[in-house]
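Coordinate analysis (summary)
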Amino acid sequence: MLKFTRGEWIAATILLLFIILQLLFSVFYEARSSKPADFTEFKELLIQFEARQQFLEDSIENARKENYTNKYQQNRKEYAPNDSSRNRNNTPFEKQEKKPQYAIVKLELNACDTSDIVVVPQFGSKRAQKLVEYRENLGGFYAFEQIKEVYILQNIDIEFLNKYFTLDLSLVRKININTATYKELVAHPYIDAYLAKVIINHRDKKGKFTSMEEVQKVTHAYQELIEKLQYYIDF
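No experiment lies behind these values; they were computed from the predicted model shown.

1. Quick look at the overall build of the protein
Each helix and strand in the protein was counted, giving nine helices and four strands. In the protein, the succession of helices and strands from N to C terminus is α-α-β-α-α-α-β-β-α-α-α-α-β. Taking all 235 residues of the protein together, the buried fraction comes to 25%. Once local pairs closer than 6 in sequence are excluded, the contacts in the protein between residues at least 24 apart make up 57%. In the structure as shown, the protein presents an accessible area of about 19000 Å², 55% of it carried by carbon and sulfur atoms.

2. Details of the pattern of salt bridges
Summed over all chains, the structure comprises three salt bridges. For R135, the salt bridge goes to E136, with nearest N and O atoms at 3.3 Å. Accessibility expressed as a relative area gives 6% for R135, which makes it buried. Because the salt bridges share partners, they merge into one network encompassing R135, E136 and R173.

3. Topic: the packing of helix α7 (residues 193-206) against helix α8 (residues 212-219)
Between α7 and α8, the least distance of the axes is 10 Å, while the angle of their chain directions is 110°. In terms of orientation, α7 lies roughly perpendicular with respect to α8. Counted together, L195, V198, I199 and H202 of α7 and E214, V218 and T219 of α8 form the full contact between these two elements.

4. With respect to helix α4 (residues 125-138)
The end-to-end C-alpha separation of α4 is 20 Å, in line with the 20 Å expected for 14 residues at 1.5 Å each. Those residues of α4 that sit buried are R127, A128, L131, V132, Y134, R135 and L138. An end-on view of α4 places all buried positions within 165° of arc, on one side of the element. Exposed and facing more than 90 degrees away from the buried side of α4 are S125 and K126. Contacts from the buried residues of α4 go to α3 (114-117). Once α4 finishes, G139 follows within two positions and takes phi at roughly 105°, a positive value.

5. Brief notes about the nonpolar core
Counting 44 residues, the largest nonpolar core has I117, F123, L131, L161, F165, L185 and L229 as the members making the most contacts within it. Those elements that provide at least two residues to this core are α4, α5 (158-164), α7, α8 and α9 (223-229). Top element by residues in this core is α4. It accounts for five residues. Sequence-distant contacts of L161, defined by excluding residues within four places in its chain, comprise F123, F144, I147 and I156.

6. A word on the packing of aromatic side chains
The full count for this structure, using the stated rule, is six aromatic pairs. With centroids separated by 5.9 Å and ring planes inclined at 75°, the aromatic side chains of F123 and F165 adopt a geometry described as edge-to-face. Taken together, the residues span a long stretch of sequence, with F123 in the loop between α3 and α4 and F165 in strand β2 (residues 165-166) at a distance of 42 residues. Exposure remark for F165: the relative accessible area of 2% places this residue in the buried category. Consider the rings of F160 and Y164, whose centres lie 4.8 Å apart with planes at 45°: the pair is tilted. Taken together, the residues span about one helical turn, with F160 and Y164 both in helix α5 at a distance of four residues. Judged on exposure class, the residue F160 and its partner Y164 are both buried. A network of ring pairs unites the aromatic residues Y142, Y190, Y231 and Y232 as a single cluster.

What counts, and where the lines are drawn
- Residues numbered from 1 in each chain as written.
- Predicted model: local features only at pLDDT ≥ 70, side-chain atom pairs only at ≥ 80, totals over all residues.
- Heavy atoms only, no water.
- Helix = DSSP H or I, 4+ residues; strand = E, 2+ residues; numbered from the N terminus.
- Buried < 20%, exposed > 50% of the residue type's maximum accessible area, 1.4 Å probe, protein only.
- Contact = heavy atoms within 4.5 Å.
- Areas by Shrake-Rupley, 256 points an atom, 1.4 Å probe, with all protein chains shown as cover.
- Salt bridge = Lys/Arg side-chain N within 4 Å of Asp/Glu carboxyl O.
- Axes fitted to C-alpha atoms, helices over the stretch in contact; angles between N-to-C directions.
- Parallel < 35°, antiparallel > 145°, perpendicular 65-115°, else oblique.
- Expected span 1.5 Å × (residues − 1).
- Arc of directions from axis to C-beta.
- Core = buried A, V, L, I, M, F, W, Y, C linked by side-chain atoms within 4.5 Å.
- Phe/Tyr/Trp six-rings, centres within 6.5 Å; stacked < 30°, edge-to-face > 60°.

Below, the structure written as structure tokens:
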């Protein structure tokens with residue numbers, strides 16, 4: 001361990017105090033001499049940004065008002081009564097009903113083709129094609145309600161069909177139940193394989209059919225089906 005004399009301890013203590021004072025003086029002087037942060041430029045940029053935002057908002061609001069004013073003036077011009085809408089007493093004439101621009105030309109549902117049907121509202125090429133295909137398989141329609149038997153046409157209203165189509169039952173093709181082959185019978189949407197076999201077996205054993213009542217008695221078909229088949233079966 002080092003030993004210092006009293007004089008050496010005093011000198012060392014004074015030196016240490018001097019060093020501490022020097023350090024304190026340096027720190028204090030630098031703190032006093034350093035300039036405070038300058039935010040002037042940042043504040044100016046912030047003011048410019050706010051002014052630009054306010055200008056954009058004002059421009060948008062003015063454009064909206066101008067657009068609204070132009071539309072309002074245009075509507076007033078379109079709906080303002082002109083001289084021809086008033087009589088000599090400067091009173092408006094009574095409003096006249098508008099006449100349709102064209103008359104609806106109805107199509108015959110059992111004769112028209114796809115090119116005719118596609119011009120009818122609610123009918124595109126796919127619907128027109130499905131309608132004609134089903135009509136050909138049936139042999140023709142006897143009622144507008146039959147169109148709803150096609151899935152893609154189920155949402156078409158019957159009143160709408162009456163507006164654009166006519167229905168001539170004389171154009172419906174019939175099947176001769178006493179001469180038709182099995183293939184011809186099952187090709188009809190209302191005759192399935194079982195019904196076709198019963199008809200042919202009865203013809204082979206008992207002879208020709210003479211009425212729809214006999215057809216129902218032999219086949220045991222339900223009444224609704226017989227009512228449909230009567231438009232398509234000939235004896």
